[in-house]
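Structural description and commentary
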Amino acid sequence: MLNLEQMKQLAGESAIKYIEDGMIVGVGTGSTVKYFIEKLATRKNDIKGAIPSSEQTATLLKQYNIPILDLNSSGIIDIYVDGADEINHYLEMIKGGGAALTREKIIAACARKFICIADESKYVVKLGTFPLPVEVIPMARSYVAREILKLDGAPDFRTGVVTDNGNVILDIHNLDITQPMDLEAKINNIVGVVTNGLFAKRGADVLLLAKKDGSLDVINGETYVK
């Protein structure tokens, strides 16, 4: 039986099989992604370069001498590999526990393929047990919180956290997320919101789900491939 860290390692390392020569690779943020980065380092001379979703990831890439590209110059990203705080069978996600949700969402939008790497504890029937992160312009924090209350959410200011973009995070509890795409749009339409951690409009294309028994499920939408 695998423990949590071993499951993260299995999921992260397994994504390397999707990396082809000459690719531009978007790289996410988090404890599972670090295992992917370690594997990506063995292919650093085969790819055009990597686009990090956070300053933390950029630092890791530099440690492994993986070439870093600028998104505005590179254009389309061939593949994006990242984790999730929660993911359902439609491959809709909640992300942002590491406060990198805005850059993650930008890279996901630019990517031809999005590979999510996760352990089985992140796989849920319904999103919302994990509080939904919302990145907010600092001066709008109180206003956005009041608007979130109208959606029956309970906003909690993430103290001591400033995003790479200079903004703050509200973590929203008690949301009834039955229509993730609709809720994603509603929250994004609140003035002062940069973006929120619902990845429903642009979800993952493939989920690599590591399990305690040491197996790896490859999930495409509602299709399971062992």
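What counts, and at which threshold
Residues numbered from 1 in each chain as written. Predicted model: local features only at pLDDT ≥ 70, side-chain atom pairs only at ≥ 80, totals over all residues. Heavy atoms only, no water. Helix = DSSP H or I, 4+ residues; strand = E, 2+ residues; numbered from the N terminus. Buried < 20%, exposed > 50% of the residue type's maximum accessible area, 1.4 Å probe, protein only. Contact = heavy atoms within 4.5 Å. Areas by Shrake-Rupley, 256 points an atom, 1.4 Å probe, with all protein chains shown as cover. Lys, Arg positive; Asp, Glu negative; His and termini not counted. Charge placed at Lys NZ, Arg CZ, Asp CG, Glu CD. Core = buried A, V, L, I, M, F, W, Y, C linked by side-chain atoms within 4.5 Å. Pairing = 2+ DSSP bridges. Axes fitted to C-alpha atoms, helices over the stretch in contact; angles between N-to-C directions. Polar contact = N/O pair within 3.5 Å; in protein donor to acceptor, adjacent residues only side chain to side chain. Patch = residues over 30% accessible without salt bridge, like charges linked within 9 Å, V, L, I, M, F, W, Y side chains within 5 Å. Salt bridge = Lys/Arg side-chain N within 4 Å of Asp/Glu carboxyl O. 1 Å grid on protein atoms, 1.4 Å probe; cavity = no way out; pocket = protein on both sides within 12 Å on 5 of 7 lines; lining within 4 Å. Points joined across faces, edges and corners; volume = space filled by probe spheres on them. Nonpolar A, V, L, I, M, F, W, Y, C, P; charged D, E, K, R; others polar.

The next subject is the overall build of the protein chain. Within the protein chain, the secondary structure is distributed over 7 helices and 14 strands. By principal-axis analysis of the C-alpha atoms, the protein chain measures approximately 50 × 40 × 30 Å. Across the 226 residues of the protein chain, 52% fall into the buried class. Considering only intrachain contacts with a sequence separation of at least 6, the fraction spanning at least 24 residues in the protein chain is 72%. Total accessible area computed for the protein chain in this model is approximately 10,400 Å², and 50% of it derives from carbon and sulfur atoms. Distance between charge centroids for the protein chain: 2 Å, based on 25 positive and 29 negative side chains.

Another point: the nonpolar core. Judged by nonpolar contacts, the single largest core of 27 residues is most densely connected at Val 25, Val 27, Phe 36, Leu 40 and Leu 208. Residue assignment for this core shows that the elements contributing at least two residues are α1 (4–14), β1 (24–27), α2 (33–40), β3 (77–82), β6 (111–119), β12 (206–210) and β13 (216–220). Here this core gets 4 residues from one element, more than from any other, and that element is α2. Those residues in contact with Phe 36 that lie beyond four places of it in its chain are Gly 12, Ala 15, Ile 16, Ile 19, Val 25, Val 27, Val 81 and Ile 117. Of all hydrophobic cores here, the second largest spans 20 residues; its members include Leu 127, Leu 132, Val 134 and Leu 183.

Turning our attention to the sheet that holds strand β9 (residues 168–173). Read across the open sheet, the 4 strands follow the order β8-β9-β7-β10; overall the sheet is antiparallel. Across the chains shown, the open sheet's two edge strands, defined by having one partner strand only, are β8 (154–157) and β10 (193–196). On average, each strand axis in the sheet is tilted by 30 degrees relative to the strand beside it, whichever way the strands run. Pairing of strand β7 (residues 132–136) with β10, which is carried by 3 bridges, proceeds in the antiparallel orientation. Counterpart to Glu 135 in the pairing with β10 is Thr 195. Helix-sheet contacts for helix α6 (residues 141–149) involve β7, β8, β9 and β10, and the interaxial angle to β9 is about 15 degrees. Most of the contacts of helix α7 (residues 180–188) go to β10, to which it runs at about 165 degrees, and overall it touches β7 and β10.

The residue Asp 171 is located in strand β9 in this model. A polar contact is formed between the side chain of Asp 171 and the side chain of Arg 158, at a distance of 2.7 Å. Setting aside its immediate chain neighbours within four residues, Asp 171 contacts Pro 131, Leu 132, Pro 133, Ala 154, Pro 155, Asp 156 and Arg 158.

Another point: a nonpolar patch on the surface. A surface patch of nonpolar side chains, about 300 Å² in accessible area, is lined by Ile 137, Met 139 and Val 194. Among the structural elements, Ile 137 can be located in the loop between β7 and α6. By relative accessible area, which is 35% here, Ile 137 ends up partly exposed.

Moving on, we come to the sheet that holds strand β11 (residues 198–199). Strand order in this open sheet of 3 strands is β4-β5-β11, and the pairing throughout is antiparallel. In this open sheet, the two strands that pair with only one neighbour each are β4 (86–87) and β11. One ladder, built from 2 bridges, connects strand β5 (residues 93–94) with β11; its direction is antiparallel. Counterpart to Met 93 in the pairing with β11 is Phe 199.

Per the counting criterion, the structure on display carries 1 cavity of 30 Å³ or more. Classifying every residue of the lining of the largest cavity gives 3 nonpolar, 4 polar and 2 charged.

Bringing the pairing of β6 into the picture now. In terms of burial, β6 is a largely internal element, 7 of the 9 residues being buried. As judged from the 5 bridges shared by β3 and β6, these two strands associate in the parallel manner. If you follow Ile 77 over to β6, its bridge partner there is Ala 111. Examined bridge by bridge, β6 and β12 share 5 bridges and lie parallel to one another.

Nothing here speaks to function; it is geometry throughout.
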